[in-house]
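The residues making up each chain are set out below.
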Amino acid sequence: MGERSVREAAALLAQARHVVVFTGAGISAESGVPTFRDALTGLWRSFDARRLATPEAFRDDPALVWGWYEWRRATVGRARPNAGHVAVAAIEARAPHAVVVTQNVDDLHERAGSVAPIHLHGSLSAPRCSACARPAPLPAEPPLPDGTSLPAEAPPLSGGAPDGHGDGRRVAPPRCTHCAGPVRPGVVWFGEALPSAALEAAVEAASACDLLLTVGTSGLVYPAAEIPRVAARFGAPVVQVNPEETPLDAVADVNLRGPAAQVLPALVR
Ligand code: BV8
Ligand code: ZN
């Protein structure tokens, strides 16, 4: 990460009036939340995330899919926002107009002080009935299989409703109190439409911004990956923060190759 490009990005940010910060799983990596592509550790190692995150997988094996999301919810619940999330909230507070658009299903932006980030792919904390779509209450404490990669200092987990399959991964989803349908996570699965109000607000913000900062995303999942491309098409400079190359390198005016929790604070010093 060159000093010059950091200065250049910081200057673009300081001048911008309408800023969009677009984030992906990489911004939460340093909080201990695995990225989507790394999400399958421990008990989940032999699965494919893209196959679990589908309506078909839930239909075929609801307890397997619910158990995976409860494991992820518990991991997020024990995580804390990192310096990258805090810097995003600072950018939001300083810019005259700023919108945070995230693909993440965690709540670490909110917990760092971001106001109403747009969640393009839903949330781990908003389950709903898979049959009638009514919101369902969150189980009080995330029931977790053991043997996963929770931090060592995490308190022992209680509760849980392993449904007897006996492999430690499956947790039967609760039943809807209205229609008894199985409750599903409030996330957007592959093959499902994004919430239209969220997508429209994100596209509108990207088309009207004068700087887009993309952080910690592989830029591979559509239509979310269009957001930085929309900003570029409308003439806004794009600054990218990612330790690796991504397809968004091609649209980025400044590429800051490094971890979000180190790079982002340097932009708001
Ligand atoms: C739809 C929620 C239509 C659930 C997720 C072929 C071509 C184009 C498109 C398609 C195609 N075939 C199919 C499609 C469509 C498909 C798609 O895009 N597929 C791709 C993969 C080819 N999209 C869909 O299905 C979407 N819906 O199209 O609907 C429709 C319309 C009307 C009616 C009906 C249907 C829905 C997609 C939503 C999928 N949901 N998440 C859950 O989380 O379980 S996807 C998942 O990917 C993530 O959760 C995240 O939301 C998203 C993006 O991932 P990233 O955030 O980028 O994470 P990733 O792990 O990939 O990368 C991490 C990055 O961080 C890396 O670059 C790494 O270098 C970097 N990093 C690591 N450490 C750090 C760091 N960066 C900074 N600091 C660090 N410390
Ligand atoms: Zn229902």
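Source: prediction; values computed, not measured. (Residues numbered from 1 in each chain as written. Chains lettered and ligands numbered in written order. Predicted model: local features only at pLDDT ≥ 70, side-chain atom pairs only at ≥ 80, totals over all residues.)

### Looking at the overall build of the protein chain
Next up, step 1: Scanning the protein chain for helices and strands turns up 10 helices and 8 strands.
Next up, step 2: Per-residue burial over the protein chain gives 43% buried out of 269 residues.
Next up, step 3: Partitioning the contacts of the protein chain with sequence separation of at least 6, the portion at a separation of at least 24 is 69%. (Helix = DSSP H or I, 4+ residues; strand = E, 2+ residues; numbered from the N terminus. Buried ≥ 20, exposed ≤ 12 C-beta atoms within 10 Å, placed from the backbone. Contact = placed C-beta atoms within 7 Å.)

### Some words on the domain arrangement of the protein chain
Often, the extent of an interface is quoted as the loss of accessible area upon association of its parts.
Next up, step 1: Taken domain by domain, the protein chain comprises domain 1 (1-33 + 80-121 + 194-269) and domain 2 (34-78 + 125-192).
Next up, step 2: In this assembly, 11 residues from domain 1 lie in contact with 10 residues from domain 2.
Next up, step 3: For the side of domain 1 that touches domain 2, the residue count by class is 5 nonpolar, 4 polar and 2 charged. (Domains from an automatic or database assignment. Nonpolar A, V, L, I, M, F, W, Y, C, P; charged D, E, K, R; others polar.)

### Concerning the site of ligand 1
Next up, step 1: Around ligand 1 sit 32 residues in total, of which Gly-24, Gly-26, Gln-103, Gly-216 and Ser-218 are the nearest.
Next up, step 2: For the shell around ligand 1, the residue count by class is 17 nonpolar, 11 polar and 4 charged.
Next up, step 3: When residues are assigned to domains, the shell around ligand 1 turns out to be shared by domain 1 (1-33 + 80-121 + 194-269) and domain 2 (34-78 + 125-192), each giving three or more. (Near = placed C-beta within 6 Å.)

### Some remarks on the environment of Ala-131
Next up, step 1: Looking at the element boundaries, Ala-131 is found in the loop between strand S4 (122-129) and strand S5 (183-187).
Next up, step 2: A count of 15 C-beta atoms within 10 Å places Ala-131 in the partly exposed class.
Next up, step 3: Taking the C-alpha atoms as reference points, Ala-131 and Cys-179, 48 residues apart in sequence, are found 7.6 Å from one another.
Next up, step 4: In this view, Ala-131 contacts Cys-176, Cys-179 and Gly-181; residues no more than four positions away in its chain are not counted.

### Remarks on the UniProt feature "binding site: substrate" (unreviewed entry) in the protein chain
Next up, step 1: As recorded in UniProt, the feature "binding site: substrate" (unreviewed entry) lies at Tyr-69 and Arg-72.
Next up, step 2: Residue classification places Tyr-69 among the buried residues on the basis of 22 C-beta atoms within 10 Å.
Next up, step 3: Filtering out sequence-adjacent residues up to four positions away, Tyr-69 remains in contact with Leu-124 and Pro-185.
Next up, step 4: Of note, Arg-72 is situated in helix H5 (residues 62-78).
Next up, step 5: Under the C-beta neighbour-count criterion, Arg-72 is labelled buried, with 22 such atoms within 10 Å.
Next up, step 6: Ignoring sequence-local partners within four residues, the contact set of Arg-72 consists of Ala-39 and Leu-124. (UniProt positions renumbered as here; feature names shortened; annotations may be inferred.)

### Structural notes on the nonpolar core
Next up, step 1: Membership of the largest hydrophobic core comes to 46 residues, with the highest contact counts inside it found for Val-19, Val-20, Val-21, Val-101 and Leu-212.
Next up, step 2: Setting aside residues up to four positions removed in sequence, Val-101 forms contacts with Val-20, Phe-22, Ile-118, Leu-120, Ala-202, Ala-205 and Ile-227. (Core = buried A, V, L, I, M, F, W, Y, C linked by C-beta atoms within 7 Å.)

### Brief notes about the packing of helix H6 (residues 83-94) against helix H10 (residues 260-267)
Next up, step 1: Where H6 meets H10, the axes come as close as 7 Å, and the angle between the chain directions of the two elements is 25°. In this view, H6 runs roughly parallel relative to H10, as classed from their interaxial angle. In this structure, H6 crosses over H10, and the sense of that crossing is left-handed. Touching Ala-83, Gly-84, Ala-87 and Val-88 of H6 are Ala-260, Ala-261, Leu-264, Pro-265 and Leu-267, all from H10. (Axes fitted to C-alpha atoms, helices over the stretch in contact; angles between N-to-C directions. Parallel < 35°, antiparallel > 145°, perpendicular 65-115°, else oblique. Left-handed = near helix turned anticlockwise from the far one by under 90°.)

### Some remarks on the UniProt feature "active site" (unreviewed entry) in the protein chain
Next up, step 1: Under the present numbering, the feature "active site" (unreviewed entry) in UniProt falls on His-121.
Next up, step 2: Note that His-121 resides in the loop between strand S3 (118-119) and S4.
Next up, step 3: Taking the number of C-beta atoms within 10 Å as the measure of exposure, His-121 has 21 and is therefore buried.
Next up, step 4: In this view, His-121 contacts Gln-103, Val-105, Val-187 and Val-188; residues no more than four positions away in its chain are not counted.

### Considerations on H5
Next up, step 1: The terminal C-alpha atoms of H5, which comprises 17 residues, lie 24 Å apart, in line with the 24 Å expected from a rise of 1.5 Å per residue.
Next up, step 2: For H5, a buried count of 12 out of 17 residues is recorded, marking the element as mostly surrounded by other parts of the structure.
Next up, step 3: Within H5 the residues assigned to the buried category are Val-65, Trp-66, Gly-67, Trp-68, Tyr-69, Glu-70, Trp-71, Arg-72, Arg-73, Ala-74, Thr-75 and Val-76.
Next up, step 4: In this fold, the buried residues of H5 make contact with helix H3 (49-52), helix H4 (55-60), S4 and S5. (Expected span 1.5 Å × (residues − 1).)

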